[in-house]
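Coordinate analysis (summary)
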Amino acid sequence: MSMIIYLFKNIKMIKAFRSLTKARTMLVRANMEIGRLSYDDDIYIQRLNEFNQAMIYTTKGRWYMDKALSTELRKDWKCALLNYRKAYKMAEKLFTYLKKSSKAHIPYKQTLLTSENTEILFADGIPLVPEINPVVIIKGSDHEMGYQYAKQVIQIFGKWVFERKAGRKFTEDEIEQITRWESQIRQYAPEILGFCNGWVAGANDSGVKMSYMDVLEIWTGCCPPAFDYLKNKEGIPKLASPLCSGAAAWGRATKDGKLVTGSTGDHDPTYMVTIVAYPDSGHSFIYTPFSVIGDVPLVGQVYMMGHPGMNSKGLAYVEHGGEMRMVEPKHFWGYGLRRGTAVFHTLRFADDARAARDMELNWPIGDIGTAMGSIGGFYADSTYGYVLESRKEPVAIREAGLLGETDFLYANNNVMHPESGKAGWMQNFKDNWKWEPHGGWYPRDFKMPDIFSLKRGREKTDRINNALSMMYQNSMGRNLYLYEMLSNGIGNIDIDYMRMVYSQSGSLPQGSWKEITRSYKVSGKWGKYSSAHAGNALVVVMKPDSGIYSLCVSEAARGLTPNVPEPNSGPLYGETNAFWELKLASGPEGTADAAMSKAIELINKAEQEFGKRSKPGNTGMYLDELLLKAKSEYDIGTRFIDDARDSIETERIYHLARAVRAFTRSQVRAMQVYQSLIPS
């Protein structure tokens, strides 16, 4: 009976989710085929345009689906399904033509793209996820930085991005919960509250009426701590794809002994920015939250969590270090800091990885049973790194060497420390969980989770085992990939090597798509795993001692294979497969100057190669257009630099930030040209 009630209440959502998955899977398959084409192929640009149109349909479908989840209106569900069907139909035809090497064009009405007085593109009034990650620069007091953050986010995306979180009516119980979470922030990271107040002022001065509670709830949520694993009130954990990876190498592992890191976020790409912060107190830092409002599609609220980040002292926050862990016993669970708050505080005030470790060990255990709800991360510097998997009963701090690593560490989503197998949810079914020396914990008997198997579980812990089976199986495979790649690179790892690690595709198992899907759902068997895959939402490499932070939105190379047959994330409209590069300088002016220098360096390289290898036809026109965009964005950036020199202090930061956003867009467009002419 409970299953019938559940299906009746959620049938529209289930139908839409399945339509999205079907369309996305076909888009991934088509993108893999496009990735096999050469820029010299006459049909390449046409296929890119067709793919991007299908992605527009998918984006519109997701927009209406998100809207329908709150409005529950029939027309919104209808629009979501209509766009998913259009996306699937076009992707299926595109895939068929690519497999047959057909030159036939797919007829479609091109969607009109507009800017709506923002810095992003809109398709029929619906915002597209930026294919080049925007940069926000903030400086000063906590209040000033919050104010600047809100102003710049609205400048980039428009008012709508915060209006989705504005003017909410909280119940008395919700207000009580927000207040209890607020007390934890006030005790352990009070600067966040000043940031929230500034955010409120900046939003309101930009025409969005947000209250303090509206903003604070983005960081805290309005629910009490979980009393069971995965906040399992109804026995239906949120289903999401395997999420994120991180790698760090230093000492004997790197060319110069200095820290180099690589990270991916494997969530559905959403509206993100990278924050470059110059606070009045503490260290300057760079950090990329997964969403400007703390929500990620399908995953839900993540409380301003993201990764990676680094500070001016050479400390790197590489990744969350496994998620979900849920190792500490339940009697320690309760209120504490959310991960986003903890990362902001740690990057600002910790001098090195050991200081970060001590901070985390001294904070409350927190909301362990909620995804992204508590602390515990993967930090490193040029002498030491750690992954904190459990803080009490047992203490499980994974350090280099424990699993055979030589001055490197890595993490995906499963727990890897031998002691982490003491987690209660694993102990209840301990015969099902095995430990691999380089891969960590994984299920002996794979169970593909779905709504029906989760509802039929005998106990909640049984359902948790089902829910985490795919994540842990997949993560074990990605761990083995990173161990092999980092071990093979000992003594030679640098930024270019780390970029290669996160650009190298895995492989599919043998058989038709239907066959490998059926086999996976039964056994979990797949091809060769890689942390570089079709579900990457962002890829970042860092060299903190040099201040280098380099980011690519979506996959770093077009057409990477997925790690599952029905991916719940990716791909992206207009994916560039190119990195921009920031430098965490001594101040905003230095960061802008470095971005400008990098842009002109890349333009010159691209122009030189384009002159030597000029391409005729569609490809030549496409590359010429990209090069013109790179130069145009560079000119825009220089004008904002001039404006910054002539402006008063309160306005200078906005001009510098806009200059950096233009220079990073210039860098990416130039890199697209260069990479097409000099493929790696």
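Details of the structure are given in the entry above.
To start, this report covers the structure provided alongside it. (Residues numbered from 1 in each chain as written. Predicted model: local features only at pLDDT ≥ 70, side-chain atom pairs only at ≥ 80, totals over all residues. Heavy atoms only, no water.)

This paragraph deals with the pattern of salt bridges. Under the definition given, this model contains 39 salt bridges. A salt bridge links Asp295 to Lys165; the shortest N-O distance between them is 2.8 Å. Separated by 130 residues along the polypeptide, Asp295 in strand β9 (residues 295-296) and Lys165 in the loop between α5 (160-163) and α6 (172-188) bring together distant segments of the chain. Exposure remark for Asp295: the relative accessible area of 26% places this residue in the partly exposed category. Accessibility expressed as a relative area gives 8% for Lys165, which makes it buried. With a shortest N-O distance of 4.0 Å, Lys598 and Glu581 are connected by a salt bridge. Taken together, the residues span a long stretch of sequence, with Lys598 in helix α16 (residues 588-612) and Glu581 in strand β21 (residues 580-583) at a distance of 17 residues. It is possible to trace a salt-bridge network through shared partners that takes in Glu119, Glu633, Arg658, Arg661 and Arg665. (Salt bridge = Lys/Arg side-chain N within 4 Å of Asp/Glu carboxyl O. Helix = DSSP H or I, 4+ residues; strand = E, 2+ residues; numbered from the N terminus. Buried < 20%, exposed > 50% of the residue type's maximum accessible area, 1.4 Å probe, protein only.)

On to the sheet that holds strand β20 (residues 548-553). Spatial strand order, β16-β5-β6-β19-β20-β21: six strands in an open sheet with antiparallel pairing. Where the open sheet ends on each side, the last strands, each with one partner, are β16 (408-411) and β21. Mean inter-strand twist for the sheet, computed between neighbouring axes without regard to direction, equals 10 degrees. Bridging between β20 and β21 involves four bridges; their strand directions are antiparallel. Of the residues in β21, the one forming a bridge with Ile548 is Lys583. (Pairing = 2+ DSSP bridges. Axes fitted to C-alpha atoms, helices over the stretch in contact; angles between N-to-C directions.)

Turning next to the sheet that holds strand β11 (residues 306-311). Strand order in the open sheet formed by eight strands is β4-β7-β8-β11-β12-β13-β14-β15, with mixed pairing between adjacent strands. Two strands close off the open sheet at either side, each with one partner strand: β4 (135-140) and β15 (395-399). Geometrically, the sheet is characterised by an average inter-axis angle of 20 degrees between neighbouring strands, direction not taken into account. Pairing between strand β13 (residues 378-380) and strand β14 (residues 385-391): three bridges, direction antiparallel. Directly across from Tyr379, in β14, lies its bridge partner Tyr386. Sitting on the sheet, helix α10 (residues 353-362) touches β13, β14 and β15, and the angle it makes with β14 is about 10 degrees. (Contact = heavy atoms within 4.5 Å.)

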